[in-house]
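Here is what each chain is made of, one letter per residue.
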There are 2 protein chains.
Amino acid sequence: MTRAGLDRARVVATAAGLADRDGAAALTVSAVARELGVRPPSLYSHVAGAQELRAAVAALALTELADRVDRALAGLAGADALVALADAHRAYAAEHPGRFAAAGAAGAGLVDAELLGAGRRHADHLLAVLRGYAVPAGEQVHAARLVGSLLRGFIELEGGGAFAGSSPPAEESWVRALEQLDAVLRTWGSA
Amino acid sequence: MTRAGLDRARVVATAAGLADRDGAAALTVSAVARELGVRPPSLYSHVAGAQELRAAVAALALTELADRVDRALAGLAGADALVALADAHRAYAAEHPGRFAAAGAAGAGLVDAELLGAGRRHADHLLAVLRGYAVPAGEQVHAARLVGSLLRGFIELEGGGAFAGSSPPAEESWVRALEQLDAVLRTWGSA
DNA sequence: GGTTTTGCCTATAGGGCATAGGCAACGTAG
DNA sequence: CTACGTTGCCTATGCCCTATAGGCAAAACC
C-alpha cells in the first residue's frame, strides 16, 4: 500500500473545501477522510479531533479573509475603505459559505494562537477604517462593534436565505446599509 | 411500569430548557429522552426526529419572543419603540441563549407553518416600528433589513463572547448603536 | 542494507439517530 | 366489572461518527 501523503495543511484544506461544498454541518472527520481516500483514524495524527478540525478551518478562513481585506484596503480611506472592507467580507462569505460559517462559530470551541492572531488582524482592519473618519477615540470601540455587528448580521441573514424571496434584491439593501453606515461614521461625535 | 405522560408540548419545552442550559449543540433526541426519564425511541411518536425537534424549539422561541415584543411595543412609537423592540430581543437572547440560537439557525432546516407564522409576526413588528419614522415606503424594506442585521449581529457577537474581555462594557456599545440607529431612521430619505 | 521513524491501517468501544416490532397500561363498551 | 381495542413506551437492531490502541509496512537515515 502506497501512502497518501497527508499533512495538516492538506487535511485542513480538504475540510474547508468540504464545508463550502456540503455545508458547515457536514464537516466531520469521517467525511474528510472519505474525501481524502483514507480511513478516519488516519487523520488523528494530523488533527486532534473534530473540534480542532473546525477551529483550524475557522483560523484558515479568518486568515484568508484578512489577507483579502489587506489587499482591498490598500490605498483607500473613508467611505471607499469602508465599502472595500465590507464587500471583501460579503464576497468571501458568498464564495466560501462553509469556511465563513466556521469562522463565525469560532470562539464557541477551541481558541488557539492562530485564531487569536487572525482575530487581531480583523480588529486592526476595522480600526484602520475608522481612522478615516473623525470618530472620537473613546467612541471607536463602540463604532467598531456597530460596524462589525451590522456586517455580520447582514451577511448571515443573506446567507441563510432571509432576503431570498423578497422583492428588492439584497444587493440594494446592502448598498443602502453601507451608505447609512458611512453617514453614521461621518457624523459620529458631532451629534 | 407506569407511563411517563409525554406529549409534544412537554417534549419541546424540555428540549428548549435543555438547549438553554447546555447549549444549542447539546440539543439531541437522546439528551431530551434522558431529561424526561425515557428511552430515545419513545420520543419519535411525538416528534419526527432531531431536525424537527430543533425546528420546533426554533418556532417556540420565535413565538415567545414575538409575544414579548408585542407587550414591549404596546403604546410606544419612534425611538421608544425601537429601543423596546431591540431590548426585548437582547433580553430574550440573554435569558434563553439556546432557544435564541435555535431560532437563529432556523431556515437552515425544516420550515413549517408555525415557523413561517412567527417569522411574519417579527417582520410585522419591525415594520410597525418603522412606521414611527418617516422612512419612504420604497425604503422600508432596506431599513428593516438594516435594523434586523444590526440587532442579530450585535446579539450574536455578544452571546459569542466577542465583547467579553474588552474594556467598555457591551451595554454601552448597545446604547450607542441604538442611538445611531435612531438617528439613521430619523433622517432616512432626507439625506 | 539494516535500523529507526513515521504513517496509515485494522480492531474496538461508545454514543446519537432512526426504524421495527412487542407488551403492558389505559379508555371504552357490553 | 370484565373483555376488547388503542395507545404509549419498551427492547432489539443497524448505521454513522468520534476516538483510542496497537500493528505493519513504507520511508528516512546511517
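Each value, and the rule that gives it
- Residues take numbers from 1 onward in each chain, read along the sequence in its written order.
- All chains are assigned letters beginning at A, and all ligands numbers beginning at 1, according to the order in which they are written.
- It should be noted that, the model being predicted, local features are given only for residues of pLDDT at least 70 and side-chain atom pairs only at 80 or more, the latter also being counted only at that level, while totals for whole chains, interfaces and linings use all residues.
- Where side-chain values are given, they derive from all heavy atoms of the structure, hydrogens and water being excluded.
- Contacts are assigned to residue pairs that have any heavy atoms within 4.5 Å of one another.
- Here's the idea: put two parts together, see how much 1.4 Å probe accessible area each one loses, and the total over both is what we call buried area.
- Counted as salt bridges are all cases of a side-chain nitrogen of Lys or Arg within 4 Å of a carboxyl oxygen of Asp or Glu.
- By nonpolar core is meant a set of buried Ala, Val, Leu, Ile, Met, Phe, Trp, Tyr and Cys residues that side-chain atoms within 4.5 Å join together.
- Type-normalised accessible area, obtained with a 1.4 Å probe on protein chains alone, sets the label of each residue: buried when under 20%, exposed when over 50%, and partly exposed for intermediate values.
- When the copies are superposed, the least-squares fit draws on C-alpha atoms of residues that have pLDDT of at least 70 in both.
- In this text, helices come from DSSP runs of H or I with a minimum length of four residues, and strands from runs of E with a minimum of two, each type numbered from the N-terminal end.
- Residues are called lining when one of their atoms sits within 4 Å of a cavity or pocket point, these points coming from a 1 Å grid over the protein atoms alone, where a cavity is a set in which a 1.4 Å probe fits but cannot get out and a pocket is an open set with protein on both sides within 12 Å along at least five of seven lines.
- Grid points are joined across faces, edges and corners, and a volume is the space filled by probe spheres set on the points.
- Polarity classes work like this: nonpolar for Ala, Val, Leu, Ile, Met, Phe, Trp, Tyr, Cys and Pro, charged for Asp, Glu, Lys and Arg, and polar for all others, with Gly in that last group.
- The pairing test for Phe, Tyr and Trp rings, Trp by its six-membered ring, is centres within 6.5 Å, and the orientation test on the planes gives stacked under 30 degrees, edge-to-face over 60, and tilted for anything in between.

Enquirer: Before we go on, may I ask you to explain the interface of chain A and chain B in this structure?
Expert: For an interface, size is often stated in terms of accessible area lost upon the parts coming together. Chain A puts 25 residues into the contact, and the matching count from chain B is 25 residues. Summed over both sides, the interface of chain A with chain B buries roughly 2300 Å², with 61% coming from carbon and sulfur. Looking at the side of chain A facing chain B, the largest losses of area belong to A:H142, A:R145 and A:Q180, adding up to 27% of the total buried there. Remark: the boundary between chain A and chain B carries four salt bridges. Measuring nitrogen to oxygen at the nearest pair gives 2.9 Å for the salt bridge that ties A:E139 to B:R176.

Enquirer: Explanation requested: the nonpolar core in the structure shown.
Expert: The nonpolar side chains of soluble globular proteins are, as a tendency, buried together. Counting 84 residues, the largest nonpolar core has A:L185 and B:L185 as its most contacted members. With sequence-adjacent residues up to four places away left out, A:L185 is seen in contact with A:L82, A:L130, A:Y133, A:V135, A:A143 and A:V147.

Enquirer: Mind showing me how you'd approach the relation of the copies chain A and chain B here?
Expert: Two chain copies, one operation linking them: a rotation about an axis together with a shift along it. With an RMSD of 0.0 Å, chain A superimposes on chain B once it is rotated by 180° and translated 0.0 Å along the axis. Such values leave the two copies arranged in the relation of a two-fold axis.

Enquirer: Mind showing me how you'd approach the environment of B:E139 here?
Expert: By the secondary structure assignment, B:E139 is in the loop between α6 (113–130) and α7 (140–159). Those residues within four positions of B:E139 in sequence are excluded, and the remaining contacts are A:R176 and B:W188.

Enquirer: Which parts of the structure should I look at to understand helix α2 (residues 29–36) of chain A?
Expert: Residues spaced three or four apart along an α-helix face the same direction, because each turn holds 3.6 residues. All names here are of chain A. Among the residues of α2, those classed as buried are V29, A31, V32, A33 and L36. Residues of α2 that are buried sit in contact with α1 (8–22) and α3 (50–73). Positive phi appears at G37, one or two residues downstream of α2, with a value of about 70°.

Enquirer: Help me understand the layout of surface pockets in this model?
Expert: Empty space left among the atoms is revealed by rolling a probe the size of a water molecule over them. Approximately 430 Å³ is the volume found for the second largest pocket. Contributing elements (two or more residues each) for the lining of the second largest pocket: α8 (170–187) of chain A together with α8 (170–187) of chain B. The greatest single-element share of the lining of the second largest pocket, amounting to seven residues, is contributed by α8(B). Looking at the lining of the second largest pocket, its residues break down into eight nonpolar, eight polar and six charged.

Enquirer: I'm lost on the packing of aromatic side chains in this one. Help?
Expert: Residues and elements named next belong to chain A. Here the structure, examined in full by the defined rule, presents four aromatic pairs over all chains. Pairing F154 with W174 gives two aromatic rings, centres 5.0 Å apart and planes at 55°, and the pair type is tilted. A residue pair is termed long-range when its members are at least 10 positions apart, and F154 in helix α7 (residues 140–159) and W174 in helix α8 qualify at 20 residues. By relative accessible area, F154 is classed as buried at 1%. Put simply, the rings of F154, F163 and W174 touch in pairs and so form one group of aromatic residues.

Enquirer: I would appreciate a short explanation of the pattern of salt bridges in the present structure.
Expert: Side-chain pairs of opposite charge can arise whenever the charged atoms involved come near each other. Here the structure, examined in full by the defined rule, presents 28 salt bridges over all chains. A:E52 is paired through a salt bridge with A:R8; the nearest N and O atoms lie 3.2 Å apart. Here A:R8 lies in helix α1 and A:E52 lies in helix α3, a separation of 44 residues in the sequence. Among the charged side chains, a network of salt bridges with common partners joins A:R152, A:E156, B:R152 and B:E156.

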